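The primary structure of each chain is shown beneath.
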Amino acid sequence: MILLLGQFVFSVDILTLYELQRSRSWSFASNDIAQGRPQYQFTGTGEETISIPFLIYQEHGFGNRQSVDDLAEMADTGAGYVLIDGSGYIYGVFAIDSIDDNRSFLTINGVPRKVDGTLKLTRVDDNRIQADKSSDIPESQQYYGATMLRTPILRSTPDHEPL
């Protein structure tokens, strides 16, 4: 397993990824001051996004074309999914923003030999990961994927160390 999004496993035979691009931002408000530089105040954490380029060569054993449709079905739910890498590092809970894919080298039947694209995710958990459905949080507001870890409480650590 290279990466896990909810219960979707990124691996060589399902969906091959070769990098993960992460972008994080923080917000500051400015206040103009007479005869001086503007003063800035930290107002909080901004947006966090992840882009995952992927590649599928199904006839050579790298990925499966169906996996793109599986991710699209996950995106259709509008839910957030826990994102974890193979070492156990928890990135947080992310919703699928978009899936861009290019299908090329078509066979005579129109089947692509190569599918490449990008999966774009946005963090939606505000540094909190809910563990299991037995909590007081309504089921509609719980995140998918956290229960499969069989851990009583999952927390995203501020210094981002693996749990």
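Residues numbered from 1 in each chain as written. Predicted model: local features only at pLDDT ≥ 70, side-chain atom pairs only at ≥ 80, totals over all residues. Heavy atoms only, no water.

1. As for the overall build of the protein chain
Looking only at helices and strands, the protein chain features one helix and eight strands. For the protein chain, the residues scored as buried account for 34% of the 163 residues in total. Looking at the protein chain alone, contacts between residues at least 24 apart form 59% of all its contacts between residues at least 6 apart. Here the protein chain displays about 10,100 Å² of accessible surface, and carbon together with sulfur accounts for 47% of that area. (Helix = DSSP H or I, 4+ residues; strand = E, 2+ residues; numbered from the N terminus. Buried < 20%, exposed > 50% of the residue type's maximum accessible area, 1.4 Å probe, protein only. Contact = heavy atoms within 4.5 Å. Areas by Shrake-Rupley, 256 points an atom, 1.4 Å probe, with all protein chains shown as cover.)

2. Quick notes on the environment of Leu106
Within the secondary structure, Leu106 sits in strand β7 (residues 90-106). Filtering out sequence-adjacent residues up to four positions away, Leu106 remains in contact with Val111 and Pro112.

3. So, the packing of aromatic side chains
This model, assessed by the stated rule, comprises three aromatic pairs. Look at Phe8 and Phe10: their rings are 5.0 Å apart centre to centre, the planes differ by 75 degrees, and that puts the pair in the edge-to-face class. Taken individually, Phe8 and Phe10 each receive the classification buried, so the pair is uniform in this respect. With a centroid separation of 4.6 Å and 85 degrees between ring planes, the pair formed by Tyr89 and Tyr91 is classed as edge-to-face. (Phe/Tyr/Trp six-rings, centres within 6.5 Å; stacked < 30°, edge-to-face > 60°.)

4. As for the side chain of Thr122
Among the structural elements, Thr122 can be located in strand β8 (residues 112-123). Judged by relative accessible area, Thr122 falls into the buried class, the value being 13%. When neighbours within four sequence positions are excluded, Thr122 is seen to be in contact with Glu47, Glu48, Thr49, Val93, Phe94, Ala95 and Asp97.

5. A few points about unusual backbone geometry
A positive phi angle is found at Gln35, which is not glycine, with a value near 55 degrees. Residue placement: Gln35 occurs in the loop between β4 (21-31) and β5 (39-56). Assessed through its relative accessible area of 89%, Gln35 is described here as exposed. In the Ramachandran plot, Phe105 falls in the positive-phi region, its phi being about 55 degrees despite a non-glycine side chain.

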